[in-house]
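Breakdown of the fold
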Protein chains: 2
Amino acid sequence: MRVLAITGGVGGAKLAVGLAKVLQSNEVVFLVNTGDDFRHLGLHISPDLDTLTYSLANISCPAKGWGRRDESWTFVKTLQDLGGPSWFQLGDQDLALHAYRTQLLTEGRSLTEATQVIAEALDVKHSILPASDDPVATTVESDIGELSFQHYFVKHQCRPKVQGIRYVGADRARLNLRLDLATISLVVICPSNPYLSVDPILAIPDLRKFLRKPNVAVLAVSPIVRGRALKGPTTKIMTELGYNVDNETIALHYADFLTGFIVDGADATDCDPIQELGIKCIARNTVMHTTEARVQLARDTLDFGATLSK
Amino acid sequence: MRVLAITGGVGGAKLAVGLAKVLQSNEVVFLVNTGDDFRHLGLHISPDLDTLTYSLANISCPAKGWGRRDESWTFVKTLQDLGGPSWFQLGDQDLALHAYRTQLLTEGRSLTEATQVIAEALDVKHSILPASDDPVATTVESDIGELSFQHYFVKHQCRPKVQGIRYVGADRARLNLRLDLATISLVVICPSNPYLSVDPILAIPDLRKFLRKPNVAVLAVSPIVRGRALKGPTTKIMTELGYNVDNETIALHYADFLTGFIVDGADATDCDPIQELGIKCIARNTVMHTTEARVQLARDTLDFGATLSK
C-alpha cells in the first residue's frame with residue numbers, strides 16, 4: 001500500500017511524523033500546502049513545507065510547532081530596531097533555509113527540487129512534495145478587505161472577520177509532476193485546517209479528479225475535537241463562514257470523495273450521522289502531544305485505511 | 001565651504017568618519033560607490049553604503065572595517081550546514097539591514113531613500129548618498145573570465161589576475177539627483193581603491209564633467225603608503241594592470257581634474273614629481289588606526305582644501 005498524505009503545517013505535520021515513523025520512505029509521499037507561501041524581505045518563504053521538513057528532521061520547535069528548536073532571533077530584533085517589517089518572526093537558523101531556497105529558485109530550480117535539496121541536507125528520507133510548482137495563493141476576503149494569507153494569519157493575527165477564501169492560481173496549477181498517482185492506493189488527509197491548509201491543495205483540478213476515482217480510498221482525520229480545533233483559527237473561520245463547528249461539517253466538506261473519517265475518541269457519537277452520509281467513521285485518539293500518540297494515530301489511520309475501499 | 005567626499009568602503013570610510021567629526025551635517029555630503037552592489041540570496045546588498053553607514057553610526061567592527069561590532073553568525077553557519085552558498089559572510093544583524101533595504105526597494109523606494117531611512121534609524125546625521133540610483137556594476141576582466149565584483153573580491157578572494165575593469169551601466173547612470181552640485185566648493189576623494197571603489201563613481205558622466213569645472217577644487221588622499229596599499233587588493237591590481245604602485249601613478253590617474261594631493265608623511269619626497277604635474281601636493285599622516293588620526297587627517301585635508309583653487 002502506497003500512501004499519499006495531504007497536509008498543511010502544524011496540526012497535519014504531527015500525523016505526518018507518525019506516518020513517517022511507521023512507513024518506509026517508499027511507502028508514503030507527503031503532499032504539502034503551498035497556499036501560504038509568500039515573498040517577504042526578498043525571500044521565498046514556504047511555511048508549511050518548512051514545518052513538515054523540520055518536523056520530519058526532528059529539529060522543529062516542540063513548543064511552537066513551527067520553526068526550529070534552539071532558535072536565535074538576532075536578525076528579527078535588529079530588523080525591528082531599524083524600523084523594518086518585523087511582524088513575521090524569522091529565526092536566524094530558519095532564515096538560512098529561506099535564503100537557500102530563494103537562491104535555488106533564482107538559479108532556476110523548481111520549488112520541488114529546492115525542497116528536496118533542503119530535505120536531503122537535513123537528512124529527511126521521506127518525500128516532501130509541494131502540492132504544485134505553480135503558484136497557488138490563499139487569499140482571505142475579510143471585513144477589512146482582501147488579505148494575503150500571511151497578512152491575515154500573522155500580521156493581523158486572524159482578527160479580521162473571514163467572508164470568503166480564494167486559492168488564486170489553483171485552477172491553472174498542475175499537480176506536482178513528481179507525484180505518481182498510479183502508485184497510490186490510500187489518501188490520508190491530515191488534521192490540518194480544511195479551509196486554509198487542505199483546500200488550496202484540493203483546489204488543484206488534477207488532484208480532485210484523482211480523489212473521485214472509484215479505486216482510491218480517501219480517509220480524513222478530523223481537526224475538530226469536542227467542537228473545537230486544537231490549534232489555530234479553524235473554529236473562528238468556520239463560525240464566520242456560517243458553518244457549525246463539528247465533525248459532520250468537516251466530513252461533509254470532503255464528502256464528494258471521502259471514504260473514511262476518523263474523529264477523536266471523545267467524539268465517538270459523532271460517527272453515526274457521518275456513517276449515514278455513506279462515509280465509514282471510527283473514533284480514535286487524535287490529540288497528539290507525544291511522539292507515541294503520533295505513531296499510534298498513524299497506525300490507527302493505516303489500519304483503518306486498509307479496510308476501506310470505494 | 002561645502003564638501004563632497006567621494007568614497008568607497010573600508011579605507012575611505014576612515015577619512016569619512018574624520019570628516020563627519022569635523023564638519024556639521026550641512027557641511028559635507030558623502031557620495032558612495034555602488035559598483036560593488038549585488039543581489040545575493042534574494043537580498044540587495046550595498047557593501048560600501050553599509051560600511052560607511054556603520055562607520056558613521058559608530059557600530060562598525062573595528063577589527064574587520066566592515067560589518068557590525070558584536071556580530072553573530074548563526075545564519076551563515078546554518079546556511080553552510082544546509083549546503084547553501086556561504087561564501088559571502090553575512091552577520092545576523094547585518095542581514096537585517098540588507099533585508100530591510102530589499103523590502104524598501106521592493107516597495108518602490110529608491111536606493112537613496114532606503115539609505116536615508118536606514119541612516120536615520122541608526123541616528124546618522126550626515127548625508128550618505130549612493131553615487132547613483134541607476135545600476136552601476138563593477139566587473140573584473142580576469143584570466144578566468146569576466147567576474148562580477150563580489151565574485152572576484154570575495155568568492156575568489158582577489159586571486160584571479162586582473163586584465164581590465166568595467167563599470168557596466170555607468171555611462172548611462174545619472175548622478176544622484178539629491179546631490180546639489182552648485183553648493184559644492186571642495187571635492188575630497190577619500191583613500192579608497194581608485195580602480196575598484198572610486199572609478200565606478202567617477203565613471204558617471206555628470207560627475208566627471210563637474211570635476212573638470214574650473215571653480216571646483218578636487219583633492220585626493222592617496223591610498224598608497226611606502227609603495228603599498230594599506231589594505232585590500234590595490235597593490236596587486238595595479239601591478240597586474242601594468243602600473244607602478246606609487247603615488248605619482250595615483251595622482252596621474254586623477255590628473256585631468258585634480259587640484260591637490262595628499263601623500264603619507266613617509267612619502268614626502270613623492271611630492272616633487274606630482275607638483276611638476278601641476279598638482280599641489282602635501283605630505284601628512286594618512287595611516288588612520290585611531291579616531292584621533294582620522295580627525296587629524298580630516299582637519300589636514302580641509303585646511304589644504306581651503307588653500308586650493310583651480
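Here the structure is shown first, and the text comes after it.
What counts, and where the lines are drawn
Residues numbered from 1 in each chain as written. Chains lettered and ligands numbered in written order. Predicted model: local features only at pLDDT ≥ 70, side-chain atom pairs only at ≥ 80, totals over all residues. Heavy atoms only, no water. Pairing = 2+ DSSP bridges. Helix = DSSP H or I, 4+ residues; strand = E, 2+ residues; numbered from the N terminus. Axes fitted to C-alpha atoms, helices over the stretch in contact; angles between N-to-C directions. Contact = heavy atoms within 4.5 Å. Buried < 20%, exposed > 50% of the residue type's maximum accessible area, 1.4 Å probe, protein only. Buried area = accessible area lost by both parts, 1.4 Å probe. Salt bridge = Lys/Arg side-chain N within 4 Å of Asp/Glu carboxyl O. Polar contact = N/O pair within 3.5 Å; in protein donor to acceptor, adjacent residues only side chain to side chain. Expected span 1.5 Å × (residues − 1). Least-squares fit on C-alpha atoms with pLDDT ≥ 70 in both. Core = buried A, V, L, I, M, F, W, Y, C linked by side-chain atoms within 4.5 Å.

This paragraph deals with the sheet that holds strand 5 (residues 127-130) of chain A. Residue and element names in this part refer to chain A. With parallel pairing, seven strands are arranged side by side in an open sheet as 5-2-1-9-10-13-14. Of all strands in the sheet, those bounded by a partner on one side alone are strand 5 and strand 14 (280-284). Strand-to-strand twist in this sheet, taken as the mean axis angle between neighbours without regard to direction, amounts to 20°. Lying on the sheet, helix 12 (residues 291-307) is in contact with strand 1 (3-7), strand 9 (186-189), strand 10 (217-221), strand 13 (260-264) and strand 14; it crosses strand 14 at an angle near 160°.

All names here are of chain A. Every buried residue of helix 5 (residues 111-121) is listed here: Leu-111, Thr-112, Ala-114, Thr-115, Val-117, Ile-118 and Ala-119. Elements in contact with the buried residues of helix 5: strand 4 (43-45), helix 2 (47-56), helix 4 (92-106) and strand 5. Looking at the residues trailing helix 5, positive phi occurs at Asp-123, about 65°.

The next thing to look at is the interface of chain A and chain B. The interface is formed by 24 residues belonging to chain A together with 24 residues belonging to chain B. Note on chain A versus chain B: buried area summed over both sides is about 2,000 Å², and carbon and sulfur give 73% of it. Among the residues chain A hides against chain B, the three largest losses belong to Leu-41, Leu-82 and Tyr-100 of chain A. Together they make up 29% of the total. In this structure, the connection of chain A to chain B is made through zero salt bridges. Across the contact surface, chain A and chain B share three residue pairs in polar contact (both at pLDDT 80 or more). Elements that contribute at least two residues to the side of chain A that touches chain B include exactly helix 3 (74-82) and helix 4 of chain A. In terms of residue count, the dominant contributor to the side of chain A that touches chain B is helix 4 of chain A (nine residues).

On to the sheet that holds strand 14 (residues 280-284) of chain B. All names here are of chain B. Read across the open sheet, the seven strands follow the order 5-2-1-9-10-13-14; overall the sheet is parallel. Edge positions in the sheet fall to strand 5 (127-130) and strand 14, since each has one partner strand and no second. Geometrically, the sheet is characterised by an average inter-axis angle of 20° between neighbouring strands, direction not taken into account. The sheet contacts of helix 2 (residues 47-56) involve strand 1 (3-7), strand 2 (28-32) and strand 5, and relative to strand 5 the element is tilted by about 175°. This element, helix 12 (residues 291-307), spans strand 1, strand 9 (186-189), strand 10 (217-221), strand 13 (260-264) and strand 14 of the sheet and lies at about 160° to strand 14.

Here the focus is helix 1 (residues 10-22) of chain B. Residues and elements named next belong to chain B. When the terminal C-alpha atoms of helix 1 are compared, their 19 Å separation across 13 residues agrees well with the 18 Å that a helix rising 1.5 Å per residue should span. Every buried residue of helix 1 is listed here: Gly-12, Ala-13, Leu-15, Ala-16, Val-17, Gly-18, Leu-19 and Ala-20. In this structure, the buried residues of helix 1 make contact with strand 1, strand 2, helix 2, strand 9, strand 10 and helix 12.

This brings us to the relation of the copies chain A and chain B. Superposing chain A onto chain B takes a rotation of 180° combined with a translation of 0.0 Å along the rotation axis, leaving an RMSD of 0.0 Å. Accordingly, the operation relating the two chain copies is best matched by a two-fold axis. Of every C-alpha in chain A, the one belonging to Gly-42 of chain A sits nearest the axis of rotation, 2.5 Å from it. Comparing contact sets, 100% of the residues at the interface of chain A also lie at the interface in chain B, consistent with an isologous, same-surface contact.

Let us now look at the nonpolar core. Formed by 112 residues in total, the largest nonpolar core has its most connected members in Leu-15, Phe-30 and Phe-75 of chain A together with Leu-15, Phe-30 and Phe-75 of chain B. Among all residues touching Phe-30 of chain B, those that are not within four sequence positions of it are Ala-5, Ala-16, Leu-19, Ala-20, Leu-52, Leu-56, His-126, Ser-127, Ile-128 and Leu-129 of chain B.

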